Amino acid sequence: MGSSCSKSGTVQVPSNTTALPAVLPELPQEREKRVAGRKYAPPKFRSLSMASMDDAKGSPLSSPPPNVRKSSAPLLSGKDSSPMLDLGAEKKRKGPAQRKRKDPVPLVKKSPPQLEDVLTKAQHEVLSEMVSCTCAVNHRSAVFAQKAVPCPQPLKELAAMDTGGSTKDCLDVLKEVVGLNLKDKDMLDIENLSAFLVHMGHLQILDFSQCAIGASGAMWLDPAMAKMSWMQKLQLDGNGLGNQGAIALSDSLDSMPELRELHMANNNIEAEGAAAIAYPLKNMTALQILSLHTNSIGPSGAAKLSAGLKNMKKLEKLELGENSIEDTGATALAEPLESMKKLQVLLLETNSIGNSGA
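All values reported here derive from a predicted model rather than from experimental measurement.

Draft legend 1. Expanded view of the overall build of the protein. Within the protein one finds twelve helices and twelve strands. For the protein, the proportion of its 358 residues judged to be buried stands at 41%. Taking the intrachain contacts of the protein between residues at least 6 apart in sequence as the baseline, contacts between residues at least 24 apart amount to 80%. With an accessible surface of roughly 20400 Å², the protein has 52% of that area assigned to carbon and sulfur atoms.

Shown next as structure tokens:
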């Protein structure tokens, strides 16, 4: 039978239920003793223990719910050592602070596969893609005219074969190719392509724009691009390289001292990636165009990038729009910009630059 309430509002406990001890307020004398000496132990009835609750017949808390455990340590100081309800135990055990952070798995640079004496079918498919995207001229010719020359006939014949092409003949023809345009070929087999590119160190123009190679594709390309010391124009826009991709390609960029154009816009590059790119930029004194548009290098990335821009006396176009560099980043870029006497185009739009940064 449940409890009843009288007209005066006092709760009457049934006779068949053991009364719970009342929680009494702390008396002024007790408080003075506790504060002064710190030796006064509060009475046991000041805390509601599990033992007193278990003695109550019909108590809904006679057995604690599964998400409530008994704490071995008392919540109050003194002689009261009875176990207490720890309502936050389950939350603490599974809370975000207790979960281990999963760091991104670092990507490992890959070695291009070896070309056998006879090309495989997959390698012939890659070769077919390359045929329509090449211009073959002498490697010492001026490549910036970008006048496409028909692909050599032997290369076409090798690509037309289903199986059994000679690798030696193929590589002999590839030595004449100085320009390779693979723009928008997002289904390209980067692994097998790297097997050919590692033998094309004489390339002067390479366009990988909008190929979605990602950081893993950059790992395949880096060993091959590291041998392209003749490179003059490199386009890597819209590939989702990220910081890891930029770090992977920084070594190969350092081997291109004659580079005139570097395009790495829209690649999700942040401050860490900008710092990796800044290192090889110090040696690119012949660079004329640098595009890092639509990334997220931020103020710190702009500051790190400014260190690599100091030696670029021939730079004519610099694109850093949509990078959130703000006033701090713009101030850091001011010093190298003053020494760029040939600079004609500077794009810094959508960077939250205020009056102090301008």
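Draft legend 2. Helix α12 (residues 326-338), seen in detail. Spanning 13 residues, α12 covers 19 Å between terminal C-alpha atoms, matching the ideal 18 Å at 1.5 Å per step. For α12, the set of buried residues is Gly329, Ala330, Leu333, Pro336 and Leu337. Contact partners of the buried residues in α12: α11 (298-309), β11 (317-319) and β12 (345-347).

Draft legend 3. Region of interest: the packing of helix α8 (residues 214-225) against helix α9 (residues 242-253). Two elements in contact, α8 and α9, have axes whose closest approach is 8 Å; the angle formed by their N-to-C orientations is 0°. Our classification of the angle between α8 and α9 gives roughly parallel. Here Ala215, Ala218, Met219, Asp222 and Met225 of α8 lie close against α9, whose contacting residues are Gln244, Gly245, Ala248, Leu249, Asp251 and Ser252.

Thresholds, definitions, all that
- Residues numbered from 1 in each chain as written.
- Predicted model: local features only at pLDDT ≥ 70, side-chain atom pairs only at ≥ 80, totals over all residues.
- Heavy atoms only, no water.
- Helix = DSSP H or I, 4+ residues; strand = E, 2+ residues; numbered from the N terminus.
- Buried < 20%, exposed > 50% of the residue type's maximum accessible area, 1.4 Å probe, protein only.
- Contact = heavy atoms within 4.5 Å.
- Areas by Shrake-Rupley, 256 points an atom, 1.4 Å probe, with all protein chains shown as cover.
- Expected span 1.5 Å × (residues − 1).
- Axes fitted to C-alpha atoms, helices over the stretch in contact; angles between N-to-C directions.
- Parallel < 35°, antiparallel > 145°, perpendicular 65-115°, else oblique.

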